[in-house]
Amino acid sequence: MRSGSLAIADQAVVSGTNFATSILLGWSGKTELGIYYLALSLLVFFRGIQEQLVTAPYMVYAHRRSGTATEIYAGSSLLHHLALAVLSSLVVGGLLLAGMGPLQMKSVWILLLGIAPLYLLRDFARQMLFAQLNLRMAFALDILVAILQLGLMFPLALRGMLSVELAWLSVAFASGAAALFWAVFKSESFHGNLAAARIHARENWSFARWALLTQVIGSSTPYLMPWIVAGIHGAKETGSLGACTTIVGLSNMFLIGVGNLLSPRAAQAFARGGIPALQHVLWQRGTLCVSALGLASLLAFAIGGPVAGLVYGPEFADCGIIMGLLSLAALANSLGMTAGNGLCSMDRPGANLWADVGTFLISLAAMFILIPTLGTLGAALATLVTMTTDAAMRWFILLRTMRNHSVGRSA
């Protein structure tokens, strides 16, 4: 299987697993799905921070090393991951003590104290495999997660016994098994130590501080949205948003799969061929974004409601417009991510700062204006406004950075 097809197949497995998990929980009602979605948004936020601080720098800088230096750098990345995993548990503990979220969240907070590190370790393993272009093992790892996670949940759902707590325990078991699988069969060698980890942390920070600002400021909308909806309209409305977001997320699996392959290739292209080579890679992904997600948006508006009702149950059948708006937002977000990948490949993540700040301010205004009056529909509209603004700003910055780089080299 060629690498591009394998990357797409791998993302299909990941998206399919997430989709099936939400369906099984949706059978238990909107509230259970809403609580699950709130916890998932937090873990995805942690995962994004790990990506920006650990795995994204590794994808860029690992290709500039060889031999023992690569192994030491990989070991430092593992130690950085472990530090973030401990921090994630501390944050969850703080949220538990603060009583954050609906009353039903308390038991989930307790579980997340142990689940968050396992979830992050599983994603760290995947990203390391992608960085090494070891797509076969990444695919095997995600197949294992799908079999274990859904294999535990499906019998419980059929008996009407599946709860959000049991769902998260299934995720924890599958994540732990995947991490063990990677530890046993990985091809990378890790020879890091604390001294090297400190040196590499400083090196990574010069790159990652801007990417982290992007994650915390410019990309915060998807993580804040469900919490604002839950705080104003309750966990049941959050369940509706989660169902729509999950179905729309299926349309991303093709592009995310290609993105997992193109992100390291973009860095390699710029290192070897400069701006023209990078433009070629970005043009490929941009074309895929418009063609694939444009068609998905039309289908979401046309048949999204009946599909949601068929998959989750009749109470979800009124989600057509919401799904269409979220599909358009996904298209805009993919274009913005393409530009962001270009800036990171050029080692210019700080160029995103003004776009991040502007997007964050617009997203806050959109959410607090639209969600209180329109509920889940307002959340979808706010997401579309935010992602469209973000994509426009990021492409403007990328094109300007490319122009300045070309002028600087020719001077």
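Right above here is the structure, for reference.
If you're wondering where the values come from, they're calculated on a predicted model, not measured in any experiment.

Rules used in this analysis
- Residues numbered from 1 in each chain as written.
- Predicted model: local features only at pLDDT ≥ 70, side-chain atom pairs only at ≥ 80, totals over all residues.
- Heavy atoms only, no water.
- Helix = DSSP H or I, 4+ residues; strand = E, 2+ residues; numbered from the N terminus.
- Rg over C-alpha atoms; globule rule 2.2 N^0.38 Å.
- Buried < 20%, exposed > 50% of the residue type's maximum accessible area, 1.4 Å probe, protein only.
- Polar contact = N/O pair within 3.5 Å; in protein donor to acceptor, adjacent residues only side chain to side chain.
- Contact = heavy atoms within 4.5 Å.
- Axes fitted to C-alpha atoms, helices over the stretch in contact; angles between N-to-C directions.
- Left-handed = near helix turned anticlockwise from the far one by under 90°.
- Nonpolar A, V, L, I, M, F, W, Y, C, P; charged D, E, K, R; others polar.
- Salt bridge = Lys/Arg side-chain N within 4 Å of Asp/Glu carboxyl O.
- Phe/Tyr/Trp six-rings, centres within 6.5 Å; stacked < 30°, edge-to-face > 60°.
- Lys NZ or Arg CZ within 6 Å of the ring centre and 35° of its normal.
- Core = buried A, V, L, I, M, F, W, Y, C linked by side-chain atoms within 4.5 Å.
- Parallel < 35°, antiparallel > 145°, perpendicular 65-115°, else oblique.
- Expected span 1.5 Å × (residues − 1).

Caption draft 1: Local environment of the overall build of the protein. Secondary structure summary: the protein contains 13 helices and zero strands in total. What you see for the protein is a C-alpha radius of gyration of 21 Å, in line with the 22 Å of a compact globule of 411 residues. Seen along its three principal axes, the alpha-carbon backbone of the protein occupies a region of about 60 × 45 × 45 Å. Put simply, the protein has 411 residues, and 53% of those count as buried.

Caption draft 2: Inspection of the side chain of Asn204 at higher detail. Tracing the sequence through the fold places Asn204 in helix 7 (residues 194–218). For Asn204, a relative accessible area of 2% puts it in the buried group. Here the side chain of Asn204 touches Tyr73 through a polar contact of 2.9 Å, side chain to side chain. In this view, Asn204 contacts Leu53, Pro57, Tyr61, Tyr73 and His80; residues no more than four positions away in its chain are not counted.

Caption draft 3: Region of the structure containing the packing of helix 2 (residues 30–61) against helix 4 (residues 105–131). Relative orientation of the contacting elements helix 2 and helix 4 amounts to 35°, with a least axis distance of 9 Å. When you trace helix 2 past helix 4, the crossing you get is right-handed. Taken together, the residues that form the contact of helix 2 with helix 4 break down as 23 nonpolar, three polar and two charged.

Caption draft 4: Region of interest: the environment of Ile397. Position of Ile397 among the secondary structure elements: in helix 13 (residues 376–410). The spatial distance from the C-alpha of Ile397 to the C-alpha of Gly305 is 37 Å, given a sequence separation of 92 residues.

Caption draft 5: Structural context of the pattern of salt bridges. What the rule picks out here adds up to three salt bridges. Among the ionic pairs, Arg126 bridges to Asp142, the shortest N-O distance being 2.9 Å. Note that Arg126 is positioned in helix 4 and Asp142 in helix 5 (residues 135–158), a separation of 16 residues in sequence. The class for Arg126 is buried, based on a relative accessible area of 8%. Classification of Asp142 as buried rests on a relative accessible area of 2%. Put simply, Asp390 and Arg394 hold a salt bridge, and the shortest N to O gap is 2.2 Å. With Asp390 and Arg394 both in helix 13, this residue pair falls four residues apart, about one helical turn.

Caption draft 6: A look at the packing of aromatic side chains. In this structure the tally under the stated criterion is nine aromatic pairs. Ring centres of Phe181 and Phe185 lie 5.2 Å apart, and the angle between their planes is 45°; this geometry places the pair in the tilted category. Here Phe181 and its partner Phe185 are both found in helix 6 (residues 164–185), four residues apart, which amounts to about one turn of the helix. For Phe181, a relative accessible area of 23% corresponds to the partly exposed category. Among the aromatic residues, those joined into a ring-pair cluster are Phe19, Tyr312 and Phe316. Its end group placed over the ring of Phe316, Lys30 keeps NZ or CZ at 5.2 Å from the ring centre.

Caption draft 7: Up close: the nonpolar core. Among the nonpolar cores identified, the biggest contains 100 residues, and Leu43, Val108, Leu112, Trp168, Trp182, Tyr312 and Met323 are the most heavily contacted of them. Ranked by the residues each element gives to this core, the list is headed by helix 2, at 18 residues. Sequence-distant contacts of Leu112, that is, excluding residues within four places in its chain, are made with Ala39, Leu43, Val92, Pro117 and Trp168. Counting residues in hydrophobic clusters, the runner-up holds 14 residues, among them Ala269, Ala339, Leu343 and Ile397.

Caption draft 8: Broad picture of the packing of helix 3 (residues 68–98) against helix 4. Look at helix 3 against helix 4: their axes get within 9 Å of each other, and the N-to-C directions meet at 160°. As judged from the angle between their axes, helix 3 and helix 4 are roughly antiparallel. Crossing of helix 3 against helix 4: the hand is right-handed. Residues Ala74, Ser77, Leu78, His81, Leu84, Ala85, Ser88, Ser89, Val92, Gly93, Leu95 and Leu96 of helix 3 form the contact with helix 4, whose own contacting residues are Lys106, Trp109, Ile110, Leu112, Leu113, Ala116, Pro117, Leu120, Leu121, Phe124 and Met128.

Caption draft 9: Expanded view of helix 5. The terminal C-alpha atoms of helix 5, which comprises 24 residues, lie 34 Å apart, in line with the 34 Å expected from a rise of 1.5 Å per residue. Buried within helix 5 are the following residues: Leu135, Met137, Ala138, Leu141, Asp142, Val145, Ala146, Gln149, Met153 and Ala157. Directly beyond the C-terminal end of helix 5, a positive phi value near 70° is found at Gly160.

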